[in-house]
Amino acid sequence: MIRQKTRRTLVWGYLLWFCVLITGCSLEGWEAAGGQPGENASWISKEQDEGQLRVLFLDVGQGASQLLISPSGHTMLIDAGNNDKEDEMLGYLQAYGVRHLDLVIGTHPDADHIGGLDRVIDRVDIGQVYMPKVQSNTKTFESLLTSIRNKGLKVKTAKAGLDLAWDEQVQVKMLAPATSTDDNNNMSAVVKVTYGDTSFLLTGDAESESERAMLESGANLRADVLLVGHHGSKSSTTARFLNAVKPKYAVIQVGENSYGHPTKTILDRLAKQKVEVYRNDLQGTVEIVSDGKGYQIITER
Ligand SMILES: [Zn+2]
């Protein structure tokens, strides 16, 4: 069962963001000051009904970031967009009332995924950090490691087979990387989140090589919601993988780009399988709420 709401409230999101940026005022302050955002602003909602899992595919332009809030209020951040999205990321966390992140996963060292993570780690209270065992000599990666070190945190290795403790009612399983390679994308941490009858597969930039390894690992890949690998590049979402996942809904985290993402090949493949597709470039932030039985999908526009 699915209910969908579309709300045109981008302007309120940005007002809030500028308010935070320029005056440093908090969301609470803004609300208390009598600025009635009106019914429309509720696409950014701090309210969460009991028993709900919220998975937010944050619009960070060409890049990726997913914020998850569990039924008991535990939080998880997977990736944080590019370097130039740092302030936006902090704005999102503040808007959603997130002051503590129980789990932080940097799927792989590419800038469009971990670029904004250093500032998030500097500014937010952090529980555990997971990243795959793959190195990068970029400034972005170095800066993330510095933030982690400065905070006194240790990086745990992201790899297939891990069960992450997050919320008693939600299973969080890591399905990749299942093998070792020096290819960053194929070292992406892939996470499957299961709550009741509902499931999400969050794939980072995993490409066909990693998809093959996941298939061969014998892990249960079936999921209703698929984060389409590598922004809809044709090097990911192979027919075999898509067949194993059999998603009902797919989200493509994509913004303006010169790579041709998402590719027609992948859009056609998803259409052929009758998968309902949501995109950050067309719909802004996409929020999928699960009550353990069905989904409610809320898009920013
Ligand atoms: Zn990427």
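Above: the structure in question.
Fair warning: this is a prediction, and the values are worked out from it, not measured in the lab.

A. Fine view of the sheet that holds strand 9 (residues 170-176). With respect to topology, seven strands assemble into an open sheet ordered 8-9-10-11-12-13-14, the strand pairing being mixed. The strands lining the two open edges of the sheet, one partner per strand, are strand 8 (163-167) and strand 14 (276-279). This sheet shows a mean twist of 20° between the axes of neighbouring strands, independent of strand direction. By the bridge criterion, three bridges tie strand 12 (residues 225-227) to strand 13 (residues 249-252) in an arrangement that is parallel. The residue of strand 13 that forms the bridge with Leu-226 is Ala-250.

B. Highlighting the environment of Ser-72. Tracing the backbone shows Ser-72 in the loop between strand 3 (66-69) and strand 4 (75-78). Ser-72 sits in the partly exposed class, given a relative accessible area of 46%. Sequence-wise, Ser-72 and Val-170 are 98 residues apart; in three dimensions their C-alpha atoms are separated by 9.8 Å. The contacts of Ser-72, once residues within four sequence positions are left out, are Asp-167 and Gln-169. Among the polar contacts made by the side chain of Ser-72, one reaches the side chain of Asp-167 at a distance of 2.5 Å.

C. The nonpolar core, seen in detail. Within the largest apolar cluster, 30 residues are counted, with the highest numbers of intra-cluster contacts made by Phe-57, Ile-105, Phe-200 and Ile-288. Those residues in contact with Ile-105 that lie beyond four places of it in its chain are Met-76, Leu-77, Ile-78, Asp-79, Tyr-130, Leu-164, Met-174, Ala-189 and Val-191.

D. View of unusual backbone geometry. Of note, the amide linkage connecting Ala-176 to Pro-177 takes the cis form, showing an omega dihedral of 5°. With respect to the helices, strands and loops of the structure, Pro-177 is situated in the loop between strand 9 and strand 10 (190-195). Cis geometry is adopted by the peptide bond preceding Pro-262, which originates at His-261 and carries an omega value of -5°. Tracing the chain through its elements places Pro-262 in the loop between strand 13 and helix 9 (264-272). Of note, Lys-246 is a non-glycine position whose phi angle comes to about 50°, a positive value. By the element assignment, Lys-246 lies in the loop between helix 8 (239-245) and strand 13.

Cut-offs and rules
Residues numbered from 1 in each chain as written. Predicted model: local features only at pLDDT ≥ 70, side-chain atom pairs only at ≥ 80, totals over all residues. Heavy atoms only, no water. Pairing = 2+ DSSP bridges. Helix = DSSP H or I, 4+ residues; strand = E, 2+ residues; numbered from the N terminus. Axes fitted to C-alpha atoms, helices over the stretch in contact; angles between N-to-C directions. Buried < 20%, exposed > 50% of the residue type's maximum accessible area, 1.4 Å probe, protein only. Contact = heavy atoms within 4.5 Å. Polar contact = N/O pair within 3.5 Å; in protein donor to acceptor, adjacent residues only side chain to side chain. Core = buried A, V, L, I, M, F, W, Y, C linked by side-chain atoms within 4.5 Å.

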